[in-house]
Amino acid sequence: MSSTPVRNQPPERPRVEQRGLWFDELDLGVTYEHRPGRTMTEYDNVLFSTLSMNPQALHLDAAYSATQPFGRQLINSMFTLATLVGLSVAHLTRGTIVANLGFSDVRFPAPMFHGDTLYGESIVVDRRVSRSRPGAGVVTLEHTGRNQHGTVVAVATRQVMMLRSPAARPVAPGGEGADA
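Residues numbered from 1 in each chain as written. Predicted model: local features only at pLDDT ≥ 70, side-chain atom pairs only at ≥ 80, totals over all residues. Heavy atoms only, no water.

**So, the sheet that holds strand E2 (residues 97–107)**
Each strand in a sheet pairs with its neighbour through backbone hydrogen bonds, running either in the same direction (parallel) or in the opposite one (antiparallel).
Next up, step 1: The 5 strands lie next to each other as E1-E3-E4-E5-E2, forming an open sheet whose pairing is antiparallel. Strands at the two margins of the open sheet, each flanked by one partner only, are strand E1 (31–39) and E2. Taking each pair of neighbouring strands and ignoring which way they run, the sheet shows an average axis angle of 25 degrees.
Next up, step 2: The pairing of E2 with strand E5 (residues 152–163) spans 7 bridges and is classified as antiparallel. The partner of Ala99 across the bridge, within E5, is Met161.
Next up, step 3: Strand contacts of helix H4 (residues 77–93): E1, E2, strand E3 (117–129), strand E4 (136–146) and E5, with the helix running at about 125 degrees to E1, the strand carrying the most contacts. (Pairing = 2+ DSSP bridges. Helix = DSSP H or I, 4+ residues; strand = E, 2+ residues; numbered from the N terminus. Axes fitted to C-alpha atoms, helices over the stretch in contact; angles between N-to-C directions. Contact = heavy atoms within 4.5 Å.)

In structure tokens form, the structure reads like this:
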């Protein structure tokens, strides 16, 4: 084979990998809206409930649910929470998270039903550089989920450890990055 360059080939273009935001790109008090939303189907609800070993009749039994206060099946609230967090990943933490540290203040003020669409938003309520990992920071996010009518259906406070941008990471003795 010849090592001659191929003619008429376009020049190499810069590439940008899709990722979330670095710790130092997150601003306190900003509302990050996560779109598109996710329409919850009966199949999703049954699958999630059975995969998570939750036999609650309110999620699985239409006849039983019809006799209960809401008059129909409810979307499993853990599925709502997981989807709410999932909606935020591409926007905030994809490729920039070190670890999910925990949840607090989880609430479900209104139910989700089959066919409802969940939309998410997150607010950075606190952030600090990690004491144990100087190349990362701890971020507290308040996630809010709303249905297609704007009704709040889920709220959760979540702490995550996120990477600082490469430029903001401290340099260890010897010139290597602290996270190397």
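The structure having been displayed, the exposition proceeds.
**What about the packing of aromatic side chains?**
Next up, step 1: Across all of its chains, the model carries 2 aromatic pairs by this definition.
Next up, step 2: Residues Phe48 and Phe79 carry aromatic rings whose centres are separated by 5.2 Å and whose planes lie at 35 degrees to one another, so their mutual orientation is tilted. Residue Phe48 is found in helix H1 (residues 42–51), and its partner Phe79 is found in helix H4; the two are separated by 31 residues along the sequence.
Next up, step 3: The partly exposed category is assigned to Phe48, whose relative accessible area is 23%.
Next up, step 4: Note on Phe79: relative accessible area 10%, which makes it buried.
Next up, step 5: Above the ring of Phe113, the side-chain terminus of Arg72 is found at 3.6 Å from the ring centroid.
Next up, step 6: The ring of Phe23 has Arg127 lying over it, and the distance from NZ or CZ to the ring centre is 4.5 Å. (Phe/Tyr/Trp six-rings, centres within 6.5 Å; stacked < 30°, edge-to-face > 60°. Buried < 20%, exposed > 50% of the residue type's maximum accessible area, 1.4 Å probe, protein only. Lys NZ or Arg CZ within 6 Å of the ring centre and 35° of its normal.)

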